[in-house]
Amino acid sequence: MGKFLKFFIVFIICCYASVASAQNVVIKGKVVDGKNQPLEFATVFCEETQLYAFTDQKGVFSISVPSSLNQISLRFTAVGKKSVERKVEKKDFLEKIDIILIENSLTLSDIEVYATYSKSKNSISSITFDEEAIERIQAFSLMDVLNTLPGKQLVAPNINIAQTLTLRNTLGGTYDLNNSLGIPIIVDGIRLSNDANMQSRPATQWGMGAVVPATNSGSATDVPFRGIDLREIPVESIEKIEVIQGVASAEYGELTDGAILIERKAGKSPLQFTTNINAGSYNYSLNKGFNLPGKMGGLTTDFNYAISNDNPTDNFQEYRRYGAALRWQYNVNSFIRNKFSVDYNRKLDINKIDPDDGSRREYYSKQEGIRLSNTTDFKISSRYVNNVNLTLSYSETNQESYSQWFLNQAAKGYTAKDTTGIYKGIVLGGQYLAVEEIIGNPITASGNLKFISFFNLSNSRHNLSYGINVNYTNNGGKGIISDPDRPRFVNYNSTNVRPYSFELNPSIINSGFYFTDNITYKLFEKKITSNLGVRFDSQNGSLSIQPRLSTQVNLSKEWNVGLAYGISSKSPTLAHQYPPPAWIDIPLIFALNTEAALYLVYTQKFQAANPDLKPSKSNQAEFTLNFTNKTFSSRLNVFYKGARNGFSNVRQYQQFVLPNYNYSYDASLKQIVYQENGTYTPYFGNSFYTISNLSNSDTYGFDWSINFSKIQAINTNISTSTSYILSQENNPILDAIYLATPVVINGKNINYALFKPLTNDKKYVITSKLNTTTHIPKLGFVVMTNTDIFWANRRKSKYNDKLQQASGYLDQNLQTILFNDGQANPIPPRNLSLSNSDQQLVYANFSLSVAKEINKRIRIAITAYNTFNIRPEYTVVNPDTNVPVTTVYNSPLSITGGISLKL
């Protein structure tokens, strides 16, 4: 396969190079600000070639385009400036272009303060937030911005618990973990990796996702097995966010469910201080960009501090975030541009000791890290290659998760030996301070080399991009630290925790190659844009071939249609591949008196590492239909996503036959003596978890949005969107249920029954958004409303009866035996009476936001979430307990106030 891949790459490049015949022309110009001062590091983007250029210290730029083009569209952007689009006719290619970028302000008549669907080579269904739209949300973190997406709910900021993103999924549980893991956050071309995060309680004992809690409510603050915690990403330094929910370009790997592309501000900008306050949460940011003397380039600096208290009245639970970033960009010469970045972050989740709490509970999760990255762009005057981009990144983080709880209970037996066999354990006193502690040291590094060339083939225009990437992942932390004298849990799920060092695990190296061609051509006089690409990824030793194909057709000035299909994959993380072993401990004797104690235990160790775990995969198809006229624009996006080989917990049952013992207290020895009595006892119901590629689901749905043209009389824009998402589980694993009372089949005791999984259900969600924006430029005033409407959130089970018959059983060798049709089934049926969590009524949530700008330097904003504090309730009596259960929809009224100062 390796030789074939090399041959394929060389063959494709040579074929294109042999027929490429385009000659290029250089477009030149100058960019200045509103005071006619040159703007350095302004960005010039050509839509036809998808290439960028940047201005030098004199504001001068040059960008190469094929001479065969009759017209090009250039977009000019700079930090804090209103972007400008300019169409250039072929006859003007050699004329100098002068561009003025004025400062963004609410006093401008045509600013965008909301997300827009964008034309992007990355996806046919991208949604983009620009700098002004991001600022208007008053976000405490990236999650607050993404909550404005179709299908999401706009809620008050909450940085007291971990926040990870899911897209186009309704199922929850491990499906959410896999979905979140498959959505990379890519900042300035660097994928933020969570693949080395192992801050988890033993997955063999608890399953995936169980972390040491950092709040009294048990909310997670560490995010192993899933995507990045979005609380760690402040938004004040972000210039643009592009959200890919469907099929992504082949350029992007390590994904299954979309991607978030972030471009941060870089360039000269005034000192800006921003603060937002919501209840017990405070967010402060300071940003500044300035030019260095001579040709040393420019520096952009960001500082952020956030603090949040879940309950300000007691001040026990607290979250703190510290961040600092420095980006230095400079032009080596007219052909080479370099950007070097340093990012520092620190977070602390803590639940302090309540002096009135006798259990002395305390939790904290600490994290401190640094990331270094460097991007070099080479502009090359070559017939075959026009641009080369090299990106390198290294990050290292120190993590510590800690929990303590004073236990007051009966004495119990415990063991922490890393062995297999029968031996004496420890008899713990009933009163001690139990401790959990996990120390991690995630290290990740990546390298990406990208080549771009553009040319013509016959009547088609090509923008060819291909490259390679390598990712390195390791964790050199001390791991799970277990004190045998102070265990938090004893014999939980038949197992106990032992020390487990992360340093023992090998590193992971994944690599990939991609090839994509963005083609523009005409067929039957209709403009067509196709992005044809393929990825070859080597992930955990598994080679995957991933075609990514999309086409958009301009049927007329008003109608546009698009189709896309793609396969993608995400490699397992270190936490998936290398969970700690499982130690099943079977108590044989537990005896104690005032003089002596004895705990005799049998331990068997099971290795749970999954070095051959396969990547999770998804295949997606999308259809978009766009309509635009002078009155409104409409966009319908219909999608399908099939998730396969997802990571799931699988319970492994074990049974043992162990000797019985007689024991007695020997007063002369002052100890309990014991000996085998020649009989044996079988032990059932003992198990541990492994992680396998057995999670499958199918998702169908659509997003339909309508944006109406501005109502000039009241300067108001109205937009609406509706989302329908249906996900269906497709779990092939039968549920193995331990029978407390064995069933006799064929003369043998059966201890485990097999049932079809309860999780193979369908769940659908229907939501709508209605947004209005009223802008009064003369006053620098904006009023925005957001109404979320929740039509349905329901789960439909495939089982109509409350009792489910067994499908089979595990025999005494734990082998699967399935019943034949008509065969007698002596196993008692399973009760399927489950609590109903379906949404029982239609309800809405209205939020209002206002902003006022003063002298283009001061901006004051207020957002009221659930403005009218409408909280509908639904009460139903539980038929099993006859107890009424009340569900309250919507969170209470919450207000965020903020101010931004530019100096």
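The shown structure was predicted, so the numbers you read here are calculated from the model rather than taken from an experiment. (Residues numbered from 1 in each chain as written. Predicted model: local features only at pLDDT ≥ 70, side-chain atom pairs only at ≥ 80, totals over all residues. Heavy atoms only, no water.)

Examining the overall build of the protein
Turning to step 1, where the next piece is worked out: Each helix and strand counted, the protein has 6 helices and 50 strands in total.
Turning to step 2, where the next piece is worked out: Relative to the compact-globule value of 29 Å for 903 residues, the protein shows a C-alpha radius of gyration of 31 Å, a close match.
Turning to step 3, where the next piece is worked out: Projecting the C-alpha coordinates of the protein onto the three principal axes gives extents of approximately 105 × 65 × 55 Å.
Turning to step 4, where the next piece is worked out: Here the protein holds 903 residues, and 53% of them are scored as buried.
Turning to step 5, where the next piece is worked out: By sequence separation, contacts in the protein at least 24 residues apart represent 68% of the contacts at least 6 residues apart.
Turning to step 6, where the next piece is worked out: The positive charge centre, built from 87 side chains, and the negative charge centre, built from 74, are 6 Å apart in the protein. (Helix = DSSP H or I, 4+ residues; strand = E, 2+ residues; numbered from the N terminus. Rg over C-alpha atoms; globule rule 2.2 N^0.38 Å. Buried < 20%, exposed > 50% of the residue type's maximum accessible area, 1.4 Å probe, protein only. Contact = heavy atoms within 4.5 Å. Lys, Arg positive; Asp, Glu negative; His and termini not counted. Charge placed at Lys NZ, Arg CZ, Asp CG, Glu CD.)

Quick look at empty space enclosed by the protein
Turning to step 1, where the next piece is worked out: Counted by the stated rule, this structure contains 15 cavities of 30 Å³ or more.
Turning to step 2, where the next piece is worked out: Roughly 270 Å³ of internal volume is contained in the largest cavity.
Turning to step 3, where the next piece is worked out: Around the largest cavity, the lining is made up of 20 residues, and of these E135, E236, Q272, T274 and N276 lie nearest the centre.
Turning to step 4, where the next piece is worked out: Of all the elements in the fold, those that place two or more residues in the lining of the largest cavity are α2 (131–136), β14 (269–278), β47 (858–865) and β50 (894–902).
Turning to step 5, where the next piece is worked out: Tallied by class, residues from the lining of the largest cavity come to 6 nonpolar, 8 polar and 6 charged. (1 Å grid on protein atoms, 1.4 Å probe; cavity = no way out; pocket = protein on both sides within 12 Å on 5 of 7 lines; lining within 4 Å. Points joined across faces, edges and corners; volume = space filled by probe spheres on them. Nonpolar A, V, L, I, M, F, W, Y, C, P; charged D, E, K, R; others polar.)

What about the sheet that holds strand β11 (residues 190–192)?
Turning to step 1, where the next piece is worked out: On the basis of which strands lie adjacent, the open sheet formed by 6 strands has the order β8-β9-β12-β13-β10-β11 and mixed pairing. The open sheet has two free edges, formed respectively by β8 (116–117) and β11, since each of these has just one partner strand. (Pairing = 2+ DSSP bridges.)

Here we look at the pairing of strand β32 (residues 582–592)
Turning to step 1, where the next piece is worked out: Within β32, 8 of the 11 residues are buried, which leaves it mostly tucked inside the rest of the structure.
Turning to step 2, where the next piece is worked out: In this structure, the hairpin formed by β32 and strand β33 (residues 597–606) is closed by a connection of 4 residues.

Here we look at the confidence of the model for the protein
Parts of the prediction with low pLDDT should not have their coordinates interpreted in detail.
Turning to step 1, where the next piece is worked out: Of the residues in the protein, 95% reach a pLDDT of 70 or more, and the chain-wide mean stands at 89.
Turning to step 2, where the next piece is worked out: This stretch, residues 7–11, has a pLDDT under 50; its non-local contacts, to residues over four places away or in other chains, come to 3 contacts. (pLDDT = per-residue confidence, 0-100.)

Let's talk about the environment of T415
Turning to step 1, where the next piece is worked out: Position of T415 among the secondary structure elements: in the loop between β21 (412–414) and β22 (421–424).
Turning to step 2, where the next piece is worked out: Aside from chain neighbours lying at most four places away, what touches T415 is Y423, N496, R498, D585, Y599, V601 and T603.
Turning to step 3, where the next piece is worked out: At 3.5 Å, the side chain of T415 and the backbone nitrogen of K417 are in polar contact.
Turning to step 4, where the next piece is worked out: One polar contact links T415 to Y423, side chain to side chain, over a distance of 2.5 Å. (Polar contact = N/O pair within 3.5 Å; in protein donor to acceptor, adjacent residues only side chain to side chain.)

Re the pattern of salt bridges
Turning to step 1, where the next piece is worked out: The final tally for this structure, using the stated rule, is 35 salt bridges.
Turning to step 2, where the next piece is worked out: Among the ionic pairs, E103 bridges to K902, the shortest N-O distance being 4.0 Å. In this pair, E103 sits in the loop between β7 (97–101) and β8 while K902 sits in strand β50, placing the two residues 799 residues apart along the sequence.
Turning to step 3, where the next piece is worked out: Residue D188 pairs with K339 through a salt bridge whose shortest N-O separation is 3.9 Å. Pair noted here: D188 is in the loop between β10 (185–187) and β11 and K339 is in strand β18 (residues 336–351), with a separation of 151 residues, a long-range link. For the pair D188 and K339, a shared accessibility class is recorded, and that class is buried.
Turning to step 4, where the next piece is worked out: Among the ionic contacts, a cluster of salt bridges with common partners joins D188, R264, K339, D343 and R371. (Salt bridge = Lys/Arg side-chain N within 4 Å of Asp/Glu carboxyl O.)

Some points on the packing of aromatic side chains
Turning to step 1, where the next piece is worked out: The full count for this structure, using the stated rule, is 28 aromatic pairs.
Turning to step 2, where the next piece is worked out: Taking 5.7 Å as the distance between ring centres and 55° as the angle between the ring planes, the aromatic pair formed by F489 and Y492 counts as tilted.
Turning to step 3, where the next piece is worked out: The exposure class assigned to Y492 is partly exposed, which follows from its relative accessible area of 30%.
Turning to step 4, where the next piece is worked out: Seen in terms of ring centroids, F846 and F868 are 5.3 Å apart; in terms of plane orientation they differ by 15°. Their pairing is stacked. (Phe/Tyr/Trp six-rings, centres within 6.5 Å; stacked < 30°, edge-to-face > 60°.)

Observations concerning the nonpolar core
Turning to step 1, where the next piece is worked out: In this structure, F129, L142, I185, I241 and I260 are the most contacted members of the largest nonpolar core, which totals 25 residues.
Turning to step 2, where the next piece is worked out: Element by element, the count of residues in this core is highest for helix α3 (residues 142–146), at 4 residues.
Turning to step 3, where the next piece is worked out: Not counting chain neighbours up to four residues away, the residues in contact with F129 comprise A115, I134, I137, V145, T148, L149, E239, K240, I241 and V243.
Turning to step 4, where the next piece is worked out: Within the second largest apolar cluster, 21 residues are counted, among which are L39, A42, I63 and L74. (Core = buried A, V, L, I, M, F, W, Y, C linked by side-chain atoms within 4.5 Å.)

Considerations on helix α4 (residues 174–181)
Turning to step 1, where the next piece is worked out: Counting buried residues in α4 gives 6 out of 8 residues, a clear majority hidden from the surface.
Turning to step 2, where the next piece is worked out: Of all the residues in α4, the buried ones are Y175, L177, N178, N179, S180 and L181.
Turning to step 3, where the next piece is worked out: Where α4 is buried, its residues meet β31 (559–570), α6 (574–577), β35 (632–666), β36 (671–708) and β37 (716–729).

Observations concerning the side chain of D537
Turning to step 1, where the next piece is worked out: Mapping D537 onto the fold places it in strand β29 (residues 526–539).
Turning to step 2, where the next piece is worked out: A relative accessible area of 2% places D537 in the buried class.
Turning to step 3, where the next piece is worked out: Of the polar contacts made by the side chain of D537, one reaches the side chain of Q546; its length is 3.0 Å.
Turning to step 4, where the next piece is worked out: Those residues in contact with D537 that lie beyond four places of it in its chain are G253, S511, G512, F513, S542, L543, S544, Q546 and S569.

A look at the pairing of β37
For a regular strand, side-chain orientation follows a simple rule: the groups alternate between the two sheet faces.
Turning to step 1, where the next piece is worked out: With 11 bridges connecting them, β36 and β37 associate as antiparallel partners. By the bridge assignment for β37, D703 is matched with S723.
Turning to step 2, where the next piece is worked out: Pairing between β37 and strand β40 (residues 762–776): 13 bridges, direction antiparallel. Each residue of the ladder has a partner; that of Q728, found in β40, is K762.

Things to note about the sheet that holds strand β1 (residues 24–33)
Turning to step 1, where the next piece is worked out: An order of β4-β1-β7 is seen for the 3 strands of this open sheet, with the pairing classed as mixed. The sheet terminates laterally at β4 (60–66) and β7, the two strands that pair on one side only. The mean angle between the axes of side-by-side strands here comes to 30°, regardless of whether they run parallel or antiparallel.
Turning to step 2, where the next piece is worked out: Bridge count for β1 against β7 is 5 bridges, and the pairing is parallel. Across the sheet, residue G29 finds its bridge partner in β7, namely I97. (Axes fitted to C-alpha atoms, helices over the stretch in contact; angles between N-to-C directions.)

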